[in-house]
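Structural features, examined
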Amino acid sequence: MGDGIITLNTSWFTRVPGTEHGNVAVATLKGSYLKEAQKIAQEKIAAYTAADIQAARTEKTDRVKLTDEQKKYLADTYRPREMSREEYVAFARDLEKFGIINADDRRLLGCGEKKGLSLSPVGERCGAWVSDISSALSFEDCRGNLLDWVRYRASFQKYDPASGAFYRDREARLYEKLSSVLQQIGV
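The structure reproduced in this document is the subject of the present report. Since the structure is predicted, the reported quantities are computational estimates derived from the model, not experimental observations. (Residues numbered from 1 in each chain as written. Predicted model: local features only at pLDDT ≥ 70, side-chain atom pairs only at ≥ 80, totals over all residues. Heavy atoms only, no water.)

1. What about the overall build of the protein?
In terms of helices and strands, the protein carries 6 helices and 6 strands. Total accessible area on the protein is roughly 11,400 Å²; 52% of this is exposed by carbon and sulfur atoms. (Helix = DSSP H or I, 4+ residues; strand = E, 2+ residues; numbered from the N terminus. Areas by Shrake-Rupley, 256 points an atom, 1.4 Å probe, with all protein chains shown as cover.)

2. A closer look at the nonpolar core
Counting 28 residues, the largest nonpolar core has Tyr88, Phe91 and Leu146 as its most contacted members. Breaking this core down by element, the ones donating at least two residues are helix H3 (85-97), helix H5 (146-154) and helix H6 (170-184). Aside from chain neighbours lying at most four places away, what touches Phe91 is Leu74, Tyr78, Met83, Leu146, Leu178, Val181 and Leu182. Grouped together as the second largest cluster of nonpolar side chains are 7 residues, Phe13, Ala27, Leu29 and Ala37 included. (Core = buried A, V, L, I, M, F, W, Y, C linked by side-chain atoms within 4.5 Å. Buried < 20%, exposed > 50% of the residue type's maximum accessible area, 1.4 Å probe, protein only. Contact = heavy atoms within 4.5 Å.)

3. Quick look at the side chain of Arg170
Mapping Arg170 onto the fold places it in helix H6. In terms of polar contacts, Arg170 uses its side chain to reach the side chain of Asp105, at 3.1 Å. (Polar contact = N/O pair within 3.5 Å; in protein donor to acceptor, adjacent residues only side chain to side chain.)

4. Focus: the packing of aromatic side chains
Taken as a whole, this structure holds 7 aromatic pairs when the rule is applied. Summarising the aromatic geometry, the rings of Trp12 and Tyr33 are spaced 4.9 Å apart at their centres and angled 5° between planes, so their arrangement reads as stacked. Of this pair, Trp12 sits in the segment before strand E1 (13-15) while Tyr33 is found in the loop between strand E2 (27-29) and helix H1 (34-58), placing the two residues 21 residues apart along the sequence. Centre to centre, the rings of Tyr78 and Phe91 are 5.3 Å apart; their planes meet at 80°, and the pair counts as edge-to-face. One end of the pair, Tyr78, is in the loop between helix H2 (68-77) and H3; the other, Phe91, is in helix H3, with 13 residues separating them in the sequence. (Phe/Tyr/Trp six-rings, centres within 6.5 Å; stacked < 30°, edge-to-face > 60°.)

The following block contains the structure:
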């Protein structure tokens, strides 16, 4: 499945004076490129959604199998009902080291490095800023209780108007994988 990243020509943007911070600045999309950028975004979204729906139909959601050593390490290191943001990021990095998730999964969990370009429509313009590629819902919403957070996020479904059906998207399947990990470490 794709990474959800849309690449646009930098010449399509105008930097907003006074917003520079190092090599990062706020920029607006030039009006003459708005329709082309919207078309590119719509095509990317359609392709990403189609791939996600296909993956939801074909991916197995087998239970993650941790080794006894991994279970002990995670159980001894983390308190999933009382986790700080830093601990959550460390937990995700450990799961990546164990091969349970990959770097892109970690970003979807909100634990990735800040990178990427997010576009947001603002009236007739399209504003841009640098952000991570995680969803609007954040770990902080669970107040440190990772178990409740994971169960909540694993229950999400998206609606596909083309088929008239709901499906479990990539994030929901990823949180289901985390739920399996937490169950194995005795939470």
